[in-house]
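# Structure at a glance
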Amino acid sequence: MSTRRGKYDDFDRTTGYRERSSGRSKKKHGFAIFMGIYVVVALIATFAFWKWFNGYLMGYEQSMPKHAMDDVMEAFDNGMGIGSVLNKASLSTEYSYVDFDTYAAYLHSVIDGKKITMQESTLSTGETPRYTLLADGVPFTDVTLRSLGKNKYGMDVWDYSHFFPDAYCINEETYRITAPTGSIVYANGNALTESDYAKDDNGAPLIDKIDTLRNVEQYLDSVPTYTTYEIRRAFGSPVISVRSSDGSELSVSQDGKNYTAKIPLDDALVAELQPKVEEYIIPAYGLHFIGVNGSAIFDYLLPGSTYREDLSTATTYFYPTSKISTRTFENIRAYDFATYTDDCISCEVYFDLNVTFNTEAYKPKNEGADATWVFIKQDGNWYLADVPRQRSADQAKEAWAAEGTN
């Protein structure tokens, strides 16, 4: 039997109708359109997904805490850019007397010319990320971050917040400042408070009387005192300044880690007393101790004082007064005055008294003194009230020679 298709092979013998080729074409065309739309939608969806996913990755990257450190690293890496991230608001220190400029200058010196790196701090948490900056591997500050809010993916956006250099920059030294009670003490421009008082073994503030005045307190209406402050872990050597209650600046001396501010000098009182000391009291005092005109000194001694009584019983009769040929004062000086109250002053006194005799049985002698004198003003007159420190002129010269001074 022949298998060739005949002329009417597209005739459906069951139904008796001939299949139309146009129906098949329409079905194929519709399917193509559907597939085209599907592909376009799929491409759009894929593009949208990758765009979203790329944004998500970028958002995730930007939400990483270390990403917020980029500006900090750049600022510290070029050194001079510290000021763009570190300021008085962002510097966190427990010590109010450490001023920002000193701190910033120190940090500049620490990082100058060194490689800056960072590592996550052991104090870091998810809520408060914290990083440590290092200069050539040596830590110099911690940096904490803060969340500025959420991005559109619900992730935290971080920024640097505060710098904590204390643990790496603050030393463990202790500095003491002794100043007149009632004055205002500043460390690096910041006023100290009662919380900075030095304490004794019982926890009481160290408020001391002035040793120079220990024998004249009973003659004073008010006894001046000194208060001692203590600064622990100060940044470097603090710059100390002191002002009296009326705002005048006091002179401050430093001996190692100890600072001492003097009670302000009253120039008017010094101008009133100094000539009297040098012209009258020193000569009367010196002559008293060589037994010449011995009573003159009592015109300048505080009436009723213990020192006046002690001096009245001092022995001078052993001095060969009748053999004195000449007596000459040299190097008379009253200096280094300290005014404690309107009625109390101390000063340092020095004089040489050269004595010669009219017989070779006695050699010429150098008398004199290097002493601290305390004066009390009573009834409008200045009186010598105490001599808390005294050594002879010879002793002074020996001490100066040992110290290598003239």
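Note: the structure precedes this text.
Residues numbered from 1 in each chain as written. Predicted model: local features only at pLDDT ≥ 70, side-chain atom pairs only at ≥ 80, totals over all residues. Heavy atoms only, no water.

### Some details on the overall build of the protein
The cut-off we apply is this: Under the scheme used here, helices are H or I runs from DSSP no shorter than 4 residues and strands are E runs no shorter than 2 residues, and both carry numbers assigned from the N terminus. For each residue, the accessible area found with a 1.4 Å probe, counting protein chains only, is set against the maximum for its type, and the residue is called buried under 20%, exposed over 50%, and partly exposed in between. By definition, residues are in contact when any of their heavy atoms lie within 4.5 Å.
For the protein, the count of helices and strands is 7 helices and 17 strands. Expressed as a percentage of its 406 residues, the buried residues of the protein come to 37%. Put simply, 60% of the contacts in the protein that link residues at least 6 apart link residues at least 24 apart.

### Topic: unusual backbone geometry
Although it is not a glycine, N188 adopts a positive phi angle of roughly 55°. Tracing the backbone shows N188 in the loop between β6 (184-187) and β7 (190-191). Residue D336 is not a glycine yet carries a positive backbone phi of 50°. By secondary structure assignment, the location of D336 is in strand β14 (residues 324-341). Relative accessible area serves as the criterion here: at 41%, D336 is assigned to the partly exposed category.

### A short note on the packing of aromatic side chains
How we decide: Think of it this way: a Phe, Tyr or Trp ring, Trp meaning its six-membered ring, pairs with another when their centres are within 6.5 Å, and the plane angle makes it stacked under 30 degrees, edge-to-face over 60, tilted otherwise. Charge over a ring is defined by NZ of Lys or CZ of Arg lying within 6 Å of the ring centre and within 35 degrees of the ring normal.
A full pass over the atoms with the stated rule returns 9 aromatic pairs. Above the plane of the ring of F164 lies R130, whose end atom (NZ or CZ) is 4.3 Å from the centre. For R333, the ring lying beneath its charged end belongs to Y335, and the centroid distance is 4.5 Å.

### Observations concerning the sheet that holds strand β11 (residues 249-250)
Condition: Pairing between strands is defined by DSSP: at least two bridges between them are needed.
With respect to topology, 4 strands assemble into an open sheet ordered β7-β6-β10-β11, the strand pairing being antiparallel. Both edges of this open sheet fall to β7 and β11, since each of them pairs with a single strand only. Pairing between strand β10 (residues 240-243) and β11: 2 bridges, direction antiparallel. By the bridge assignment for β11, R243 is matched with E249.

### Structural notes on the environment of E367
Tracing the backbone shows E367 in strand β16 (residues 365-378). The spatial distance from the C-alpha of E367 to the C-alpha of L287 is 9.7 Å, given a sequence separation of 80 residues.

### Some words on the nonpolar core
Heads up, the condition is: For the purposes of this section, nonpolar cores are sets of buried Ala, Val, Leu, Ile, Met, Phe, Trp, Tyr and Cys residues that join through side-chain atoms within 4.5 Å.
With 45 residues, the main nonpolar core has F76 and F140 as its most contacted residues. Considering each element in turn, this core owes the most residues, 6 residues, to helix α3 (residues 100-111). Setting aside residues up to four positions removed in sequence, F140 forms contacts with F76, L107, V110, I111, I116, L133, L134, A135, P165, Y168 and C169.

### Description of the sheet that holds strand β15 (residues 344-357)
What counts is decided by this rule: Structural elements are reduced to axes, namely lines fitted to C-alpha atoms, with helices fitted over the stretch in contact, and the angle between N-to-C directions of any two is expressed from 0 to 180 degrees.
Read from one edge to the other, the open sheet built from 4 strands follows the order β14-β15-β16-β17, with strand pairing classed as antiparallel. With one partner strand each, in any of the chains shown, β14 and β17 (381-392) form the two edges of the open sheet. Each neighbouring strand pair of the sheet contributes to a mean axis angle of 25°, computed without reference to strand direction. Seen against the sheet, helix α5 (residues 267-288) touches β14, β15, β16 and β17 and runs at an angle of roughly 145° to β14.

### Some words on the pattern of salt bridges
Going by this rule: Throughout this description, the term salt bridge denotes a Lys or Arg side-chain nitrogen within 4 Å of a carboxyl oxygen of Asp or Glu.
Within the structure shown, the criterion is met by 10 salt bridges. With a shortest N-O distance of 3.2 Å, K209 and E217 are connected by a salt bridge. Among the charged side chains, a salt-bridge network with shared partners connects E348, D370 and R389.

Shape descriptors only; they carry no functional weight alone.
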